[in-house]
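# Summary of the model geometry
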2 protein chains.
Amino acid sequence: MKIIGEKINGTRQRVAQAIAGRDADYIQKLAQDQAEAGADWLDVNAGTKQSNEPKDLIWLVETVQSVVDIPLCLDSPNPAALTEAIQIVERTPMINSISGEPWRLDGILPLVAKHRCPVIALAMDDGGIPETCAGRIDAVHKVMQASRSCGVPDEDVYIDPLVMTLATDTESANITLETMRLIHAQYPDTHMSMGLSNISFGMPARANINRVFLILAVAAGLDSAIVDPMDRELKAALLTTQMLLGRDRYCLNYTRAYRAGLFNRKEC
Amino acid sequence: MKIIGEKINGTRQRVAQAIAGRDADYIQKLAQDQAEAGADWLDVNAGTKQSNEPKDLIWLVETVQSVVDIPLCLDSPNPAALTEAIQIVERTPMINSISGEPWRLDGILPLVAKHRCPVIALAMDDGGIPETCAGRIDAVHKVMQASRSCGVPDEDVYIDPLVMTLATDTESANITLETMRLIHAQYPDTHMSMGLSNISFGMPARANINRVFLILAVAAGLDSAIVDPMDRELKAALLTTQMLLGRDRYCLNYTRAYRAGLFNRKEC
């Protein structure tokens, strides 16, 4: 299970402020904390001001990679920003993201192929996020056809089955989980990634919902997620799930985490 | 999801002591607490002293049903004790349990058929608990053949796929979950029940392991479990799982539980 650290995201107000004010200390602390907590990639998202994005993203990349050694996940739908940022990254980055939308495929896939980057592919197309499994799988077919024709190996593609909130449709989680099972059956060499938190948008006790959803998603084939690596409860749930699913030889990761104090609450 | 309250169990030292000393207050408190916490049945197990069992079980049944209105789950492998106890129960009980062992089938199934009781059927036979899914399914076939030939409807059978600890085999949970999927496919009208806690025997942070295993088991088809109904963390996990799986219309049970303070910890 690979973790993409979510915290350096310019759509969050405090991070946007740090980017606008070139507050390197704040960003670097977020980077170091996530790296120490075991993130495999660090997402870097410069926010939604498209005109500033290339230079904001470059500043973010330089700021982050001057203090941590792990690869970045360049988070932008903007081919121009990605093209500039990819020139200066020190380690092969992940790209976040493409989708079945032709402008993203045309603008970003050549970069992915040229640099042999792993890439997140959203199960959506120009029509937005399909409400049904069938619609999402159709979008995945479009992306996979395009990525294969560009020579991108399936194992470099991290498909995001997408998730809508339960607050408006109690079938939301089932649709995502079923989409994952279909992806796993049809594209067994791809990976799957997801941002969890949409599932609980507008609901109470969100972290609790996100955590249980993560457990169900891992059982359905999720092998990567965009999450807060410092969330101890989430990490504990993840390690426990991996162990229960027979993916923790001799239960070593679990017992090590226990000894390191991850499960230190009374009710564990 | 139906909950069988586990706490009145004579294999627990404090309960054995209460049974031996006819401490009705202690037993009745356990009964009332579990009933208030929402148990659907209360397991009553008089312990392992076979010579005393019929009269101990009868005392337990009388003691419990004088203070609570919910049905009991008569927990004994002993046909003699069950035959006596079933005469005095006020509400149709569940029987816990039969298995593929001929002496249990011959001694207990006629009682189940006569009283039209729901019954827990263990996925094992005279050879003990089979290590493989195939072995457990073979045992289930034996039980189902016998129960059907006695006229017990499939929907009265609660199959327990059984679980061994992860400490000795990291495939333990996978074997149980896969057995559940096979049972669900082959006997779709039966229910499935389980005691969770064996999964974590000898491991650290047991409640945490049990909770994540419950989530995975519910996704694999578990619709009943023998657990502590007063375990708030377990209850929260269960309500959240049911909601995520689309089994909580308008998320009403979840939001009600939230308003009642079930998810009151900061990290939720």
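Keep in mind it's a predicted model, so treat the numbers as computed, not measured.

Of the regular secondary structure elements, chain A holds ten helices and eight strands. A compact globule built from 268 residues should have a C-alpha radius of gyration of about 18 Å, and chain A, at 18 Å, falls within 12% of that. Dimensions of chain A, computed from the C-alpha atoms along their principal axes, are close to 50 × 45 × 35 Å. Expressed as a percentage of its 268 residues, the buried residues of chain A come to 58%. Total accessible area on chain A stands at roughly 11,200 Å², and carbon and sulfur atoms take up 49% of it. Put simply, chain A has 26 plus and 34 minus side-chain charges, and the middle of one group is 6 Å from the middle of the other.

All right, on to the sheet that holds strand β3 (residues 72-75) of chain A then. All names here are of chain A. Strand order across the open sheet formed by eight strands is β7-β6-β5-β4-β3-β2-β1-β8, with parallel pairing between neighbours. Looking at strand neighbours, the two that pair on one side only are β7 (191-192) and β8 (224-227), the edges of this open sheet. Relative to strand β6 (residues 157-160), strand β5 (residues 119-122) runs parallel, the two being bridged by four bridges. The residue bridging Val119 from the neighbouring strand is Val157, located in β6. Seen against the sheet, helix α6 (residues 133-149) touches β4 (94-98), β5 and β6 and runs at an angle of roughly 165 degrees to β6.

The side chains of a regular strand alternate, residue by residue, between the two faces of the sheet. Residue and element names in this part refer to chain B. With burial as the criterion, each face of strand β6 (residues 157-160) is covered, one bearing Val157 and Ile159 and the other bearing Tyr158 and Asp160. Taken together, strand β5 (residues 119-122), helix α6 (residues 133-149) and β6 form a β-α-β motif whose crossover is right-handed. Both β6 and strand β7 (residues 191-192) contribute to a ladder of two bridges, which runs parallel. Within β7, the position partnered with Ile159 by the bridge is Met192. As for the winding sense of the linkage, the β-α-β connection from β6 through helix α7 (residues 172-186) to β7 is right-handed.

This brings us to the side chain of B:Gln28. Among the secondary structure elements, B:Gln28 is positioned in helix α2 (residues 24-36). When residues no more than four places from it in sequence are discounted, the contact partners of B:Gln28 are B:Thr63, B:Ser66 and B:Val67.

So, about the relation of the copies chain B and chain A. When chain B is fitted to chain A, the best match, at an RMSD of 0.0 Å, comes from turning it 180 degrees and sliding it 0.0 Å along the axis. The transformation relating the two chain copies, once decomposed into turn and shift, fits a two-fold axis. Proximity to the rotation axis, assessed at the C-alpha, singles out B:Leu216 in chain B; its C-alpha lies 3.3 Å from the axis.

All names here are of chain B. Within the secondary structure layout, Asn96 lies in strand β4 (residues 94-98). We classify Asn96 as buried; its relative accessible area is 8%. Of note is the side chain of Asn96, whose polar atom sits 3.1 Å from the side chain of Asp43. Setting aside chain neighbours within four positions, we find Asn96 in contact with Asp43, Cys73, Leu74, Asp75, Ser76, Ile120 and Ile226.

Residue and element names in this part refer to chain A. Taken as a whole, this structure holds six aromatic pairs over all chains when the rule is applied. Each ring, one from Trp41 and one from Tyr158, has its centre 5.8 Å from the other, and the planes form 80 degrees; the classification is edge-to-face. Of the two residues, Trp41 sits in strand β2 (residues 41-44) while Tyr158 sits in strand β6, which places them 117 residues apart along the sequence. Look at Trp41 and you get buried, because its relative accessible area is 10%. A network of ring pairs unites the aromatic residues Tyr254, Tyr258 and Phe263 as a single cluster. Sitting over the face of the ring of Tyr26, Arg14 holds its NZ or CZ atom 3.9 Å from the ring centroid.

About the cut-offs
Residues numbered from 1 in each chain as written. Chains lettered and ligands numbered in written order. Predicted model: local features only at pLDDT ≥ 70, side-chain atom pairs only at ≥ 80, totals over all residues. Heavy atoms only, no water. Helix = DSSP H or I, 4+ residues; strand = E, 2+ residues; numbered from the N terminus. Rg over C-alpha atoms; globule rule 2.2 N^0.38 Å. Buried < 20%, exposed > 50% of the residue type's maximum accessible area, 1.4 Å probe, protein only. Areas by Shrake-Rupley, 256 points an atom, 1.4 Å probe, with all protein chains shown as cover. Lys, Arg positive; Asp, Glu negative; His and termini not counted. Charge placed at Lys NZ, Arg CZ, Asp CG, Glu CD. Pairing = 2+ DSSP bridges. Contact = heavy atoms within 4.5 Å. Axes fitted to C-alpha atoms, helices over the stretch in contact; angles between N-to-C directions. Right-handed = clockwise from strand over helix to strand, strands pointing away. Least-squares fit on C-alpha atoms with pLDDT ≥ 70 in both. Polar contact = N/O pair within 3.5 Å; in protein donor to acceptor, adjacent residues only side chain to side chain. Phe/Tyr/Trp six-rings, centres within 6.5 Å; stacked < 30°, edge-to-face > 60°. Lys NZ or Arg CZ within 6 Å of the ring centre and 35° of its normal.

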